[in-house]
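Structural description and commentary
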Amino acid sequence: TSVNLHRSLARNQSYDAKITGECGRLNLNWILSGENPQRLALLRKYLEVKGTDLNERDRMMDTLLDFVDPDDIPRLNGAESDQNYHPKNALLQRLEEVKQVKGWEKFTSAADWDADFTLYSSGPVDLAWASRDVLRALPGFNDQIVDRYLEIRAGADKIEGTQDDAIFDSLDQVRLA
């Protein structure tokens, strides 16, 4: 641990920096490319975990897919080009582009809406860094399993990102825990 991550500057002034892995976030381009049903189900479940109702979820998924796909054929609940709306028709280059997707206005107006998303990972979620909501969206995980896993992952001091954190080398180790 570097001394530069934790420092006192002056009286009543200090900071603690935390380094986390980008792979614990949902890579939107990885999820959307190829329209893989299992990957899309992950985003759909994440939206459910975040409180998005079924009809809104269907619209959000279809409009996001229409936003990045190369054609101009709208999905059932999607949206393609019209006078006031112009989807990108290419994968995302910046997370901020999600704010341009029709039907995502309410979701992207929330504080930290993008905290669990990335465009800069290899794809699959790294359980060592995933947030509670991302873990809840994974197949086979429920609230009890997630809470227990997070407790074990944080170690004896119950603080994530410290030296006593549990390290899992495989998904089988996570299941056993």
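Scroll up for the structure.
Residues numbered from 1 in each chain as written. Predicted model: local features only at pLDDT ≥ 70, side-chain atom pairs only at ≥ 80, totals over all residues. Heavy atoms only, no water.

Let's talk about the packing of aromatic side chains
Counted under the stated rule, the structure contains 5 aromatic pairs. Between Y46 and F117 the ring centres are 5.3 Å apart and the planes differ by 65 degrees, which places this aromatic pair in the edge-to-face class. Taken together, the positions of Y46 in helix α2 (residues 37-49) and F117 in strand β4 (residues 117-118) put the pair 71 residues apart, joining distant regions of the chain. Comparing Y46 with F117 shows no difference in burial state: the two are buried. Measuring from ring centre to ring centre gives 5.4 Å for W104 and F107, while their planes differ by 80 degrees; the resulting arrangement is edge-to-face. (Phe/Tyr/Trp six-rings, centres within 6.5 Å; stacked < 30°, edge-to-face > 60°. Helix = DSSP H or I, 4+ residues; strand = E, 2+ residues; numbered from the N terminus. Buried < 20%, exposed > 50% of the residue type's maximum accessible area, 1.4 Å probe, protein only.)

Considering the environment of D112
Mapping D112 onto the fold places it in the loop between α4 (105-108) and β4. Given the relative accessible area of 64%, D112 is considered exposed. Here the alpha-carbon distance between D112 and D143, two residues 31 residues apart in the chain, equals 22 Å.

Some thoughts on the layout of surface pockets
Counted as a void, the largest pocket has a volume near 740 Å³. Taken together, 32 residues form the lining of the largest pocket, with I19, A128, W129, E160 and G161 sitting closest to its centre. Elements with a contribution of two residues or more to the lining of the largest pocket: α6 (143-154) and α7 (171-176). Residues of the lining of the largest pocket, tallied by class, amount to 15 nonpolar, 9 polar and 8 charged. A volume near 260 Å³ is recorded for the second largest pocket. If you trace the second largest pocket, you find it lined by W30, N36, Q38, R39, L42, P124, V125, L127, L138, P139, F141 and L171. Of the residues in the lining of the second largest pocket, the class split is 9 nonpolar, 2 polar and 1 charged. (1 Å grid on protein atoms, 1.4 Å probe; cavity = no way out; pocket = protein on both sides within 12 Å on 5 of 7 lines; lining within 4 Å. Points joined across faces, edges and corners; volume = space filled by probe spheres on them. Nonpolar A, V, L, I, M, F, W, Y, C, P; charged D, E, K, R; others polar.)

Some words on the packing of α2 against helix α3 (residues 54-68)
Following both chains from N to C, one finds α2 and α3 inclined at 135 degrees, their axes separated by 10 Å at the closest point. Considering their axes alone, α2 and α3 lie oblique with respect to each other. In the crossing of α2 with α3, the sense of the turn from one axis to the other is right-handed. Every residue of α3 that contacts α2 at L40, L43, R44, L47 and E48 is listed here: R57, D58, M60, M61, L64 and L65. Grouping the amino acids of the contact of α2 with α3 by side-chain chemistry returns 7 nonpolar, no polar and 4 charged. (Axes fitted to C-alpha atoms, helices over the stretch in contact; angles between N-to-C directions. Parallel < 35°, antiparallel > 145°, perpendicular 65-115°, else oblique. Left-handed = near helix turned anticlockwise from the far one by under 90°. Contact = heavy atoms within 4.5 Å.)

Regarding the side chain of D165
Tracing the backbone shows D165 in the loop between α6 and α7. The charged side chain of D165 is buried without a salt bridge, its nearest counter-charge being R153 at 6.6 Å. What D165 contacts, discounting residues up to four positions off in sequence, is R153, A154, G155, D157, I159 and E160. (Lys, Arg positive; Asp, Glu negative; His and termini not counted. Salt bridge = Lys/Arg side-chain N within 4 Å of Asp/Glu carboxyl O.)

Some words on the nonpolar core
Membership of the largest hydrophobic core comes to 39 residues, with the highest contact counts inside it found for L26, L28, L43, W104, F107, F117 and L135. Those elements that place two or more of their residues in this core are α1 (28-32), α2, α3, α5 (132-137) and α6. Of all the elements, α3 adds the most residues to this core, at 6 residues. The residues touching L28, leaving out its near neighbours within four places in the chain, are L43, L92, L95, V98, F117, T118 and L119. (Core = buried A, V, L, I, M, F, W, Y, C linked by side-chain atoms within 4.5 Å.)

Things to note about the side chain of N27
Topologically, N27 is positioned in strand β3 (residues 26-27). In terms of polar contacts, N27 uses its side chain to reach the backbone amide nitrogen of N29, at 3.0 Å. Within the structure, the side chain of N27 is placed 2.9 Å from the backbone oxygen of S121, a separation counted as a polar contact. With residues near it in sequence (within four places) discarded, N27 still touches T118, L119, Y120, S121 and G123. (Polar contact = N/O pair within 3.5 Å; in protein donor to acceptor, adjacent residues only side chain to side chain.)

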